[in-house]
Amino acid sequence: WIIKSLTKNDPALAGEFGKSIPMVLLQAIHTGKLKAFDWATNKAIPSAEIYTWQRPVDTVAVYNDQGEVVKYTALPYKRRSEGIHLLRIYQDWYFDLSTAMFLSVINWIELLEEVHSSSGLLIGSRPVCRIYY
């Protein structure tokens, strides 16, 4: 899943060499180049929230200069591109009788991340977001 393309094919990809596809997609969503949607509700995900969308939250103490607890704040765990291990592609297939060929049309792509138990055991996958094609 590492981007390896010749510069002569698409010079715009030169800055993406060596990056994983999930990393490039998450960065494109974060910068607003791609729009991501929640897979369950189909509502748009704000681009600034893609790394924290539906992630677990932990309560962290905020201390002052004397080391005393001032307040508690909730911080979500950030999503890492290494945790996205699958792409699910939804497509429609058509058979053209005149040419006797199958044609496929991609409808959307879903990024799937690993789900781990509290002890770190891998228990499955779940969609992060949906990107309409």
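Conventions used here
- Residue numbers restart at each chain and count upward from 1, following the sequence in its written direction.
- Predicted model: local features are reported for residues with pLDDT of at least 70 only, side-chain atom pairs are reported and counted for 80 or more only, and whole-chain, interface and lining totals are derived from all residues.
- Side-chain calculation: all heavy atoms of the structure are included, whereas hydrogens and water are not.
- We count a stretch as a helix when DSSP gives it H or I for four or more residues in a row; a strand needs E for two or more, and each element gets its number in order from the N terminus.
- For the exposure calls, accessible area comes from a 1.4 Å probe over protein chains only, and a residue counts as buried if that area is under 20% of its type's maximum, exposed if over 50%, partly exposed in between.
- Between two residues, a contact is recorded if the distance between any of their heavy atoms is within 4.5 Å.
- A pair of strands is treated as paired once DSSP finds two or more bridges between them.
- Only the stretch in contact is used when fitting a helix axis, every axis being a line fitted to C-alpha atoms; angles between N-to-C directions are given from 0 to 180 degrees.
- For our purposes a nonpolar core is just a set of buried Ala, Val, Leu, Ile, Met, Phe, Trp, Tyr and Cys residues, chained together by side-chain atoms within 4.5 Å.
- To pair, rings of Phe, Tyr and Trp, with the six-membered ring standing in for Trp, must have centres within 6.5 Å; the planes then decide the type, stacked if under 30 degrees apart, edge-to-face if over 60, and tilted in the middle.
- Think of it as a cone above the ring: NZ of Lys or CZ of Arg counts as a charge over the ring if it is within 6 Å of the ring centre and within 35 degrees of the ring normal.

Another aspect to go through is the overall build of the chain. Per the secondary structure count, the chain includes 1 helix and 5 strands. Along its sequence from the N terminus, the chain presents helices and strands in the succession α-β-β-β-β-β. Taking all 133 residues of the chain together, the buried fraction comes to 20%. In the chain, the share of contacts with a sequence separation of at least 24, taken over all contacts with a separation of at least 6, comes to 37%.

What follows covers the sheet that holds strand 4 (residues 101-116). With antiparallel pairing, 3 strands are arranged side by side in an open sheet as 3-4-5. Sheet topology places strand 3 (84-96) and strand 5 (122-132) at the edges, where each strand pairs with a single neighbour. Strand-to-strand twist in this sheet, taken as the mean axis angle between neighbours without regard to direction, amounts to 35°. With 9 bridges joining them, strand 4 and strand 5 adopt antiparallel strand pairing. The residue of strand 5 that forms the bridge with Leu111 is Cys129. Sheet strands touched by helix 1 (residues 21-31): strand 3, strand 4 and strand 5. Its angle to strand 3, the strand with the most contacts, is close to 85°.

Now for the nonpolar core. Ranked by size, the top nonpolar core spans 12 residues in total: Leu25, Leu26, Ile29, Ala36, Ile45, Ile50, Trp53, Ile84, Leu111, Val128, Cys129 and Ile131. For this core, the secondary structure elements donating two or more residues are helix 1 and strand 5. In contact with Val128, not counting residues within four places along its chain, are Trp39, Ile45, Trp53, Arg79, Ile84, Leu111 and Glu113.

Right, let's talk about the packing of aromatic side chains for a bit. Summed over all chains, the structure comprises 5 aromatic pairs. Judged by centre distance (5.8 Å) and plane angle (75°), the ring pair of Trp108 and Tyr132 falls under edge-to-face. On the criterion of sequence distance, the pair formed by Trp108 in strand 4 and Tyr132 in strand 5 is long-range, its members being 24 residues apart. The rings of Phe37, Tyr90, Trp108 and Tyr132 are connected pair by pair, giving a single aromatic cluster. Directly above the ring of Trp108 sits Arg130, whose terminal nitrogen or CZ lies 4.3 Å from the centroid.

Turning our eyes to something else, we now look at unusual backbone geometry. For Asn42, which is not glycine, the phi torsion reads 65° and is therefore positive. Tracing the chain through its elements places Asn42 in the loop between helix 1 and strand 1 (57-63). Taking the relative accessible area as the measure of exposure, Asn42 reaches 38% and is therefore partly exposed. Positioned with a positive phi, Gln54 is a non-glycine residue whose angle comes to about 55°.

Sheet topology note: the strand 3/strand 4 ladder contains 12 bridges and is antiparallel. What sits directly across from Phe95, in strand 4, is Phe102. In sequence, strand 3 turns back onto strand 4 through a hairpin of 4 residues, with Ala100 there showing a positive phi of about 55°.

Looking now at the environment of Asp58. Counting through the fold element by element, Asp58 comes out in strand 1. In this structure the C-alpha to C-alpha distance between Asp58 and Ala74, which are 16 residues apart in sequence, comes to 5.6 Å. In contact with Asp58, other than residues within four places in its own chain, are Thr73, Ala74, Leu75 and Tyr77.

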